[in-house]
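Summary of the model geometry
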Amino acid sequence: MNDMKKVLVSCLALVLFSACARVQNSPQKKFGDDSNYFLALQASQEGNEKDAIRYFKAAQKNGSEIIKRRAAESLTLIGSVPKRIEAAENLAKNYDDENALLTACRELFSHNEFLKIINLTENLNPHDSKNELIKLRLLSLAQKKDGRFDEEFFRWFVARPLSSEHLETYATYIARLNEKNQNIQEESEKFQKNLNKRSLLESQLSLDEVSSASTQNDDGTPPQLSIAPEEGFEELFDALSQAENPEKSIMEFRIAVFHRAYKIALAQIEKIQKIYENRDEEIDSQIFSDIGKATLYATNDFFASARKFDKMAEKLPPEKAYFAHFYAARLYDKAGRYPKQTVSSFRSALEDTKDPLQFDNCLWYLLNFLLRSSTDEIISTLTNYGSKIHDSEYFDDFFESLSILLLSSHRWQDFYKVWKETNSNFSDYTAGKYAYISGRLIEEGLAKGDEDLKTRQTVEAFTKVLNGKSSLYYKVLALERLNVTDKSLIDSYLFNKNEEEDKIDDKGAGQLLKGYAAFGFPERIYGEWISNRKNISNSDTIEICDFLTKCAESNKESTYNVQSLRVASRAFEQTNGRIAEELLKLNFPRFYKTEIEGACAEFGLPTYLVYAMIRSESFFDPTVTSKAGASGLTQLMETTAEDEAKKLKINDNFDIFDPLTNIRLGTHYLSSLVNRTDDNNELLALYAYNAGLTNVRNWIKRFRSDWAATGKASHKPAGISMDLFLESLPFAETREYGRKVVSAAALYAYLYDEKLPGDTVREIMY
């Protein structure tokens, strides 16, 4: 690094330090021996490699647990090649985990230390070790022409779902195979030449022997020719017999399925089955799954294929019979006229497996199939299997679809049964959703509940929402329904997720983050927090979020605002105990305060509504563009932005990503939508902002007509109550958008305007 570059880097580090770091007289004194790590980073940034190595070694020797680890990792990337190799070996030796081993092997591989990698990775498990780690081992075996490569690669290739690492290593496998085949070809050609010579000699000898006096042995047999057997004859024919490589055929089949070339894969199934028969081996589970997938997506006769899988299942052990029954069910479903066989096969698969992932996957398919046939069967299935669900969040989308089905078909009592009687293992989100809606259905007189008083049942349902780990949306709605006005109670419900606080095994992770802040390394904070988030306390999270926000303010760098919000949001989601008010405010920040409050004053909207809208639209990232082309903080489409700009007489050359311009355009557009909805309803305006005003008007028209047919009292402006209207909207994106904005608005109003959540909900929704 030249002197000028060193000066520039030093200046940049100084700017970051002075702009973002907390004011401290002596960071080294506060962080003690750990400061060596941060001094090493500074020295490295300045190009002073010698001092950086010295500081890293001091940190590795005397630092706290996580500092020692980071210093050891850093030493693999600095210094001479021999020193890096030594550091990589020490890292793998001192830290008995795959992350350290992977870091070490990456560095060793970059220096062609293949034998060291082979020795370090002897005990990898093809089923669950990191794919990249296995790839590095296999490539090292290939480089050393180690005979174990072929067997280990094949075992890994059939042991788990394919990945990019599998395909990258397959290229090496093919290169090795081609090299072997080339050698075999050369040996074959050499053998053929010798064989031709031998034939000539045999012919000559035969003629000579025929003319001799003795053409027979004493026992009357023909005389043996005196030419020695060709060396390597048996080995050559063994090699030639392997030219049709069964492992390669199996791998090519898997690759075809991976790339969704199902017709090609389907044509290979009998060949693959024959290979396993010849080996007298059972088909590997992953191969069986691929056979099912290829058949499902490429067969021309779903019913016949389903029957075939059913028959297979009869001869297989349960772990393989699972796949046969599972794909039989999906094939019966595709055939279209065999609901009983479909359900029966899915249930057989559920009984076959002991694997949690397989069980959940099969039950998910069964339940989604039943969405198209029978709600009674859904309730029966949930009653039998719902309590056995392992990953409850995996089923959130199913329960969302079920909710839409039951509400739109007026199966209100069944909705209550799903919540109250099936004993399903709901996620926290689904539990809160079903409890709240069940309470509302009882309150509206749509579901009867049990024998208890209606009021008592609704209070019980809403209280469960508040006392559980439900989403903020259902909590603020429950606060409104129960008309909770006592601030201490509201704080308790919003700020407490669980009576039991999180137990944090910090290991110095929080101190590391604060060190990055104190020594001027804000760019390292977000990634480190993501890696160690379970080991970082809320108080440390609050401190580093506050630091990132200050960095954004001083450097005009919106990235740090977005990172702060993401950290706060994830911390809120993962916390079980009490949520500090500071963390909630970081989760609902007031970025671009001047611009937002100015636009709200100009166009007559409450600030908490626009803050909530922007948080939900862009997460306060002014540079973001959606897949549909919506841009900036308020996520405006180009045509909408142009229309709004004309109305506001903004120059045609406006920058849609400029925060002030984007906020004014988006706020004006939302304000105009409020004025164009029935009763100036803010929630309907938000739906229109997301899905278009025409869609919203069509929904209202349909819901008014549908609700009128029930004979129940009509609600304004949509016939049905606005909270149940939201739950029944046909667009999943709009439903979720409504939940996000309502809950965020209630929190913004409560945290900054001292407005009760119930009041905000009533103002937006009713």
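All of these numbers come straight from a predicted model, not from anything done at the bench.

Right, let's talk about the overall build of the protein for a bit. On a plain count of helices and strands, the protein comes out with 40 helices and zero strands. The 766 residues of the protein split such that 49% are buried. Sequence separation of at least 24 residues holds for 64% of the intrachain contacts in the protein that already meet a minimum separation of 6. Surface exposure of the protein reaches about 37800 Å², of which carbon and sulfur atoms provide 48%.

Moving on to the environment of G520. Relative to the helices and strands, G520 resides in the loop between α27 (509-518) and α28 (525-532). For the pair G520 and C551, spaced 31 residues apart in sequence, the C-alpha separation works out to 9.9 Å.

Moving on, we get to helix α30 (residues 558-574). The first and last C-alpha atoms of α30 sit 25 Å apart over 17 residues, in line with the 24 Å expected at 1.5 Å per residue. Buried residues dominate α30, accounting for 12 of its 17 residues. Within the span of α30, buried status applies to S558, Y560, N561, V562, Q563, S564, L565, V567, A568, S569, A571 and F572. Lining the buried residues of α30 we find α25 (472-481), α28, α29 (538-555), α31 (581-587) and α33 (607-618).

With that settled, the discussion passes to α29. Spanning 18 residues, α29 covers 25 Å between terminal C-alpha atoms, matching the ideal 26 Å at 1.5 Å per step. Of all the positions in α29, only N538, D540, T541, I542, I544, C545, F547, L548, T549, C551 and A552 are classed as buried. Of the residues trailing α29, K556 is marked for its positive phi of about 55°.

Turning next to unusual backbone geometry. Geometrically, the link from K716 to P717 is a cis peptide bond, its omega value of -5° lying close to zero. The residue R260 is not glycine, and still its phi comes out positive at about 60°. Note that R260 resides in the loop between α13 (246-258) and α14 (262-279). On the basis of relative accessible area, R260 is assigned to the exposed category, the value being 66%. If you check the backbone angles, K649 has positive phi at about 55° while not being a glycine. Inspection of the secondary structure puts K649 in the loop between α34 (638-647) and α35 (659-676). Classification of K649 by relative accessible area gives exposed; the value is 77%.

In this section: the pattern of salt bridges. Inspection of every chain in the model, using the stated rule, returns 49 salt bridges. One salt bridge in this structure joins E73 and R70, with 3.3 Å as the shortest N-O distance. With E73 and R70 both in helix α5 (residues 65-75) and three residues apart, the pair spans about one turn of that helix. Neither residue differs from the other here; E73 and R70 are each classed as buried. The partner of R347 in a salt bridge is E377, and the shortest N-O contact between them spans 3.3 Å. Of this pair, R347 sits in helix α18 (residues 339-352) while E377 sits in helix α20 (residues 375-385), placing them 30 residues apart in sequence. The partly exposed category is assigned to E377, whose relative accessible area is 32%. Residues joined in a network through salt bridges with shared partners are R440, E443, E444, E480, R481, D723, D759 and R762.

Glancing now at the side chain of T677. Relative to the assigned elements, T677 resides in the loop between α35 and α36 (682-691). In this structure T677 comes out as buried when scored by relative accessible area, which is 9%. Residue contacts for T677: discarding those within four places in its chain leaves L684, A685 and L693.

Ranked by internal contacts, the top residues of the largest apolar core, which has 228 residues, are Y37, L402 and F725. The biggest single contributor to this core is helix α39 (residues 732-753), with 11 residues. For L402, the contacting residues outside a window of four places in its chain are L371, I378, L382, V418 and Y434.

A word on a negative patch on the surface. Where like charges cluster on the molecular surface, the negative patch consists of E638, E642, D643 and D652. Topologically, D652 is positioned in the loop between α34 and α35.

Let's shift gears to the packing of aromatic side chains. For the structure shown, the criterion picks out 49 aromatic pairs. Measuring from centroid to centroid gives 6.3 Å for W364 and Y394, while their planes differ by 55°, and the two rings are tilted. Here the residue W364 occupies a position in helix α19 (residues 356-370), and Y394 occupies one in the loop between α20 and α21 (396-408), the gap between them amounting to 30 residues. A network of ring pairs unites the aromatic residues F288, F309, Y322, F323, F326, Y327, F346, W364, Y365, Y394 and F395 as a single cluster. One residue, R54, lies across the ring of Y55, its end atom 4.6 Å from the ring centre.

Quick look at the side chain of N662 now. Position of N662 relative to the elements: it lies in helix α35. Given the relative accessible area of 0%, N662 is considered buried.

On to the environment of H390, then. With respect to the helices and strands, H390 occurs in the loop between α20 and α21. For the pair H390 and D360, spaced 30 residues apart in sequence, the C-alpha separation works out to 6.7 Å. Once residues within four sequence positions are removed from consideration, H390 is found in contact with P356, F359, D360 and N425.

In the predicted model, the protein carries a mean pLDDT of 89, and the fraction of residues at 70 or more is 87%. In the model, residues 1-19 has pLDDT below 50 throughout and makes 21 contacts with residues more than four positions away in sequence or in other chains. In the predicted structure, residues 205-243 sits below a pLDDT of 50 and forms 29 contacts with residues beyond four places in sequence or in another chain.

Here we take up the packing of helix α22 (residues 412-420) against helix α24 (residues 454-467). The packing of two helices is summarised by the inter-axis angle and the distance between the axes. Contact pair α22 / α24: the axes reach a minimum separation of 14 Å and the direction vectors enclose 50°. On the basis of the axis angle, α22 is oblique to α24. For the pair α22 and α24, the crossing hand works out as left-handed. Residues Y416, W419 and K420 of α22 form the contact with α24, whose own contacting residues are Q457, E460, A461 and K464. A per-class count over the contact of α22 with α24 returns three nonpolar, one polar and three charged.

In this section: the packing of helix α16 (residues 302-314) against helix α17 (residues 318-335). Two elements in contact, α16 and α17, have axes whose closest approach is 8 Å; the angle formed by their N-to-C orientations is 160°. The pairing of α16 with α17 is recorded here as roughly antiparallel in orientation. You can see that α16 and α17 cross each other, and the crossing is left-handed. Along its contact with α16, which presents F302, F303, S305, A306, R307, F309, D310, M312 and A313, the element α17 presents A321, A324, H325, Y327, A328, L331, Y332, K334 and A335. Residues that form the contact of α16 with α17 fall into these classes: 13 nonpolar, two polar and three charged.

Further remarks concern the environment of T295. For T295, the position within the fold is in helix α15 (residues 285-298). Spatially, the C-alpha atoms of T295 and A267 are 9.6 Å apart, while their sequence positions differ by 28 residues. Once residues lying within four places of it in the same chain are set aside, the contact partners of T295 are L266, I269, S305, F309 and L331. From its side chain, T295 meets the backbone oxygen of I291 in a polar contact 2.7 Å long.

The rules behind the values
- Residues numbered from 1 in each chain as written.
- Predicted model: local features only at pLDDT ≥ 70, side-chain atom pairs only at ≥ 80, totals over all residues.
- Heavy atoms only, no water.
- Helix = DSSP H or I, 4+ residues; strand = E, 2+ residues; numbered from the N terminus.
- Buried < 20%, exposed > 50% of the residue type's maximum accessible area, 1.4 Å probe, protein only.
- Contact = heavy atoms within 4.5 Å.
- Areas by Shrake-Rupley, 256 points an atom, 1.4 Å probe, with all protein chains shown as cover.
- Expected span 1.5 Å × (residues − 1).
- Salt bridge = Lys/Arg side-chain N within 4 Å of Asp/Glu carboxyl O.
- Core = buried A, V, L, I, M, F, W, Y, C linked by side-chain atoms within 4.5 Å.
- Patch = residues over 30% accessible without salt bridge, like charges linked within 9 Å, V, L, I, M, F, W, Y side chains within 5 Å.
- Lys, Arg positive; Asp, Glu negative; His and termini not counted.
- Charge placed at Lys NZ, Arg CZ, Asp CG, Glu CD.
- Phe/Tyr/Trp six-rings, centres within 6.5 Å; stacked < 30°, edge-to-face > 60°.
- Lys NZ or Arg CZ within 6 Å of the ring centre and 35° of its normal.
- pLDDT = per-residue confidence, 0-100.
- Axes fitted to C-alpha atoms, helices over the stretch in contact; angles between N-to-C directions.
- Parallel < 35°, antiparallel > 145°, perpendicular 65-115°, else oblique.
- Left-handed = near helix turned anticlockwise from the far one by under 90°.
- Nonpolar A, V, L, I, M, F, W, Y, C, P; charged D, E, K, R; others polar.
- Polar contact = N/O pair within 3.5 Å; in protein donor to acceptor, adjacent residues only side chain to side chain.

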